[in-house]
Amino acid sequence: LPRTVIASAGRRGDLHGQLIVHTSTSTDAPVELFDAIRAQGPLHRARYAYVTATLPVVREVLANPDVRAGVDLGTGAGPLGRLGRWAHRTTPMGPLTPPSLLVTEPPDHTRMRKLVTRVFSVKAVQRLRERTEEIADDLLTSLEQQAGAGRPVDLVEAYCALLPVTVIAEVLGVPDSERHTVLEFGTAAAPSLDLGLSWRRFRTVERALSSFEAWLVDHIEAKRRDPGDDLLSQMVAARDDDGVALTDRELIATAGLVLAAGFETTVNLLSNGIALLQEHPDQRTLLAAEPDRWSNAVEEVLRHDPPVLLTGRTVVRDTEIAGTRVPRGAVVTTLLAGANRDPDVFADPHRFDVARENAADHVSFSAGRHFCLGAALARMEGQVGLQRITERFPDLRLAPGATRRDTRILRGYERLPAVLG
Ligand code: HEM
């Protein structure tokens, strides 16, 4: 964020101000701040926004038809308008601009989402599972070769980043010879979902997104001429009940979003999961004895250390949230990571417990009509990815040098050096 905004947020000293300062200057998840915000009540009114870290209220906001996806700070005079203009300038074209599903609302959102959901079905994900297991095993074999005798390897670079991108390449039907293109674009475009890009980073992301878009135009055309058994070919062919297909712009936006939204988030799920399991050897022992618990363990990783910390909304008609009247134009920040630690929903919420019965009640995939389209795919990748590495290398130990990614809304590791044992 601009230094002036950080300074003024810090001077005000309210909890939302502290949150702005914290997320602008630190890569730690501000768990205590989330608790403090929740302690103010179900919907905390701060100067720039309403904020909530209470799980049922987060769900209520995300389901409210009078609350639109995306943050519109306006362009008026005063600090909010300045922040709005800055946010507008530093938001690259792509996942956060229409017709991306993330910022499109009904009726267009309903129409597009229905078509795309048919393609991203549970059955389709089940079919990808076997292939994901093969991909994970191949990556682990080459990890073993790279590691040699007792040499540390970076698990993010050599495993966490490669598994999701290879799976997305399958989803998009990208031939082996062009897989590196998807990895390059995915890596470069991932920060487009984050906040506060520096000018240099903004330019890099813009360039990556526009080259990817040009590549996608040709790729989609190729799928139209010669469809494969991938999900992108099905999206190209999909028709709604009135026989209407997605437009070319909608197809490009959706395929681009699948790469941007499905890549770094899943990389973060894997890296956060590996780190958490390393910190809790008792939980690894439990999983080794009772492997049926793996799918719940992935839910607990998502709850405890979610790859997306928060999301923002704008009120488009005067409405009521948690019994409070909220006027049109207000911005609402829903702290997904804070809601996941709501003690009224999760007993002893700060404890990492793979046996927690209601772990899956988290909101790490958001809620309401923008609930993550790729949730089933991400859950499957998380389960395969974490179980395979843990079972293959039971003596794996993290080496010094783990660093968090320098992102604000997304949360994961940049480097996770480890000795395989
Ligand atoms: C939306 C999280 C993986 C595709 C979202 C949202 C969140 C999220 C929080 C909603 C944001 C909001 O409400 O403002 C995650 C996490 C993932 C993950 C934590 C991994 C652990 C994936 C994957 C795909 C994907 C693998 C690929 C298909 C999408 C799409 C949307 C979305 C297309 C937009 C849905 C809509 O607006 O209707 N995701 N995601 N995500 N995600 Fe994911």
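These numbers were taken from a predicted model, which means no experiment stands behind them.

Reading the values: rules and limits
Residues numbered from 1 in each chain as written. Predicted model: local features only at pLDDT ≥ 70, side-chain atom pairs only at ≥ 80, totals over all residues. Helix = DSSP H or I, 4+ residues; strand = E, 2+ residues; numbered from the N terminus. Rg over C-alpha atoms; globule rule 2.2 N^0.38 Å. Buried ≥ 20, exposed ≤ 12 C-beta atoms within 10 Å, placed from the backbone. Contact = placed C-beta atoms within 7 Å. Pairing = 2+ DSSP bridges. Near = placed C-beta within 6 Å. Nonpolar A, V, L, I, M, F, W, Y, C, P; charged D, E, K, R; others polar. Core = buried A, V, L, I, M, F, W, Y, C linked by C-beta atoms within 7 Å. Axes fitted to C-alpha atoms, helices over the stretch in contact; angles between N-to-C directions. Parallel < 35°, antiparallel > 145°, perpendicular 65-115°, else oblique. Left-handed = near helix turned anticlockwise from the far one by under 90°.

Chemist: Please explain the overall build of the chain as it appears in this structure.
Modeler: The number of helices and strands found in the chain is 17 helices and 12 strands. Its C-alpha radius of gyration of 21 Å places the chain within 12% of the 22 Å reference for a compact globule of 421 residues. Taken along the three principal axes of its C-alpha coordinates, the chain extends 60 × 55 × 40 Å. Burial status across the chain gives 44% buried among its 421 residues. Counting contacts in the chain only where the partners sit at least 6 residues apart, residues at least 24 apart contribute 70% of the total.

Chemist: For this particular structure, what's the right way to read helix H9 (residues 162-171)?
Modeler: An α-helical turn contains 3.6 residues, so a residue and the one three or four places further along point in the same direction. Taking burial as the measure, the 10 residues of H9 include 9 buried ones, the bulk of the element. Residues of H9 that are buried: Leu 162, Leu 163, Pro 164, Val 165, Thr 166, Val 167, Ile 168, Ala 169 and Val 171. Buried positions along H9 lie against helix H7 (122-147), helix H8 (155-160), helix H10 (179-189), helix H12 (231-237), helix H13 (248-279) and helix H17 (375-392). A positive backbone phi angle near 65 degrees is found at Gly 173, which sits one or two residues after H9.

Chemist: Can you walk me through the sheet that holds strand S9 (residues 397-398) in this structure?
Modeler: Sheet strands line up and pair through hydrogen bonds in the backbone, either parallel or antiparallel. A sheet is described by the order of its strands in space; here 3 strands give the open sequence S4-S12-S9, paired in antiparallel fashion. Two strands bound the open sheet, and with one partner strand each, they are strand S4 (153-154) and S9.

Chemist: What is the right way to read the site of the ligand from this model?
Modeler: Around the ligand, the surrounding shell holds 23 residues, and the nearest of these are Gly 262, Thr 265, Ser 366, Cys 372 and Gly 374. Every element with two or more residues in the shell around the ligand is listed here: H13 and H17. With 7 residues, the single largest contributor to the shell around the ligand is H13. Of the residues belonging to the shell around the ligand, the class tally is 14 nonpolar, 8 polar and 1 charged.

Chemist: Looking at this structure, I do not really get the nonpolar core. What am I missing?
Modeler: Grouped burial of nonpolar side chains is what soluble globular proteins tend to show. The biggest cluster of nonpolar side chains holds 77 residues, and the ones touching the most others in it are Leu 163, Ile 168, Leu 172, Ala 189 and Leu 259. In terms of residue count, the dominant contributor to this core is H13 (16 residues). Those residues in contact with Leu 259 that sit more than four places away from it in its chain are Ile 168, Val 182, Phe 185, Gly 186 and Ala 189. Formed by 34 residues, the second largest nonpolar core is a distinct cluster that contains Leu 19, Phe 34, Val 308 and Ile 321.

Chemist: Help me understand unusual backbone geometry in this model?
Modeler: Note the cis peptide between Pro 98 and Pro 99, where omega equals 5 degrees. Along the chain, Pro 99 turns up in the loop between helix H5 (78-89) and helix H6 (108-119). Phi is positive for Asp 348, close to 45 degrees, though the residue is something other than glycine. Structurally, Asp 348 is set in the loop between helix H16 (336-339) and H17. Judged by the 8 C-beta atoms lying within 10 Å of it, Asp 348 falls in the exposed class. Located in the positive-phi region is Ser 366, a residue other than glycine, with phi close to 70 degrees.

Chemist: What should I look at first to understand the pairing of strand S5 (residues 311-315) in this one?
Modeler: For a regular strand, side-chain orientation follows a simple rule: the groups alternate between the two sheet faces. Going residue by residue along S5, you find Thr 311, Arg 313 and Val 315 tucked away on one face and Gly 312 and Thr 314 left uncovered on the opposite face. Relative to strand S8 (residues 331-334), S5 runs antiparallel, the two being bridged by 4 bridges. Across the sheet, the residue bridging to Thr 314 is Val 331, located in S8.

Chemist: Help me understand the packing of helix H15 (residues 294-304) against H17, please; the structure alone is not making it clear to me.
Modeler: At a minimum axis separation of 9 Å, H15 and H17 run at an interaxial angle of 110 degrees. Taken together, the axes of H15 and H17 lie roughly perpendicular to each other. Contacts from Trp 294, Ser 295, Val 298 and Val 301 of H15 reach H17 at Arg 379, Gly 382, Gln 383, Leu 386 and Gln 387. Tallied by class, residues from the contact of H15 with H17 come to 4 nonpolar, 4 polar and 1 charged.

Chemist: Mind showing me how you'd approach the packing of H7 against H9 here?
Modeler: How two helices sit against one another is set out by the angle between their axes and by the gap between those axes. Close contact between H7 and H9 brings their axes to 10 Å; oriented N to C, the two are set at 140 degrees. As summarised for this structure, H7 and H9 are arranged oblique, according to the angle between their axes. Handedness of the crossing formed by H7 with H9: right-handed. Residues Leu 128, Arg 131, Thr 132, Ile 135, Ala 136 and Leu 139 of H7 form the contact with H9, whose participating residues are Leu 162, Leu 163, Thr 166, Val 167 and Glu 170.

Chemist: What should I look at first to understand the sheet that holds strand S3 (residues 67-69) in this one?
Modeler: Ordered in space as S1-S2-S8-S5-S3, the 5 strands form an open sheet in which the pairing is mixed. Edge positions in the open sheet fall to strand S1 (44-45) and S3, since each of these has one partner strand only.

Chemist: Explain the pairing of S8 here, please?
Modeler: Burial along S8 is two-sided: the residues Val 331 and Thr 333 and Val 332 and Thr 334 are all buried. Of the pairings in the sheet, the one linking strand S2 (residues 50-52) to S8 comprises 3 bridges and is parallel in character. Bridge pairing in S8 places Tyr 50 opposite Val 332.

Chemist: Even after reading the chapter, I still don't get the environment of Pro 343, so can you show me in this structure?
Modeler: Relative to the elements of secondary structure, Pro 343 occurs in the loop between H16 and H17. For Pro 343, a count of 12 C-beta atoms within 10 Å puts it in the exposed group. Along the chain, Pro 343 and Leu 55 lie 288 residues apart, while their C-alpha atoms are 9.4 Å from each other.

Purely geometric numbers; function is a separate question.
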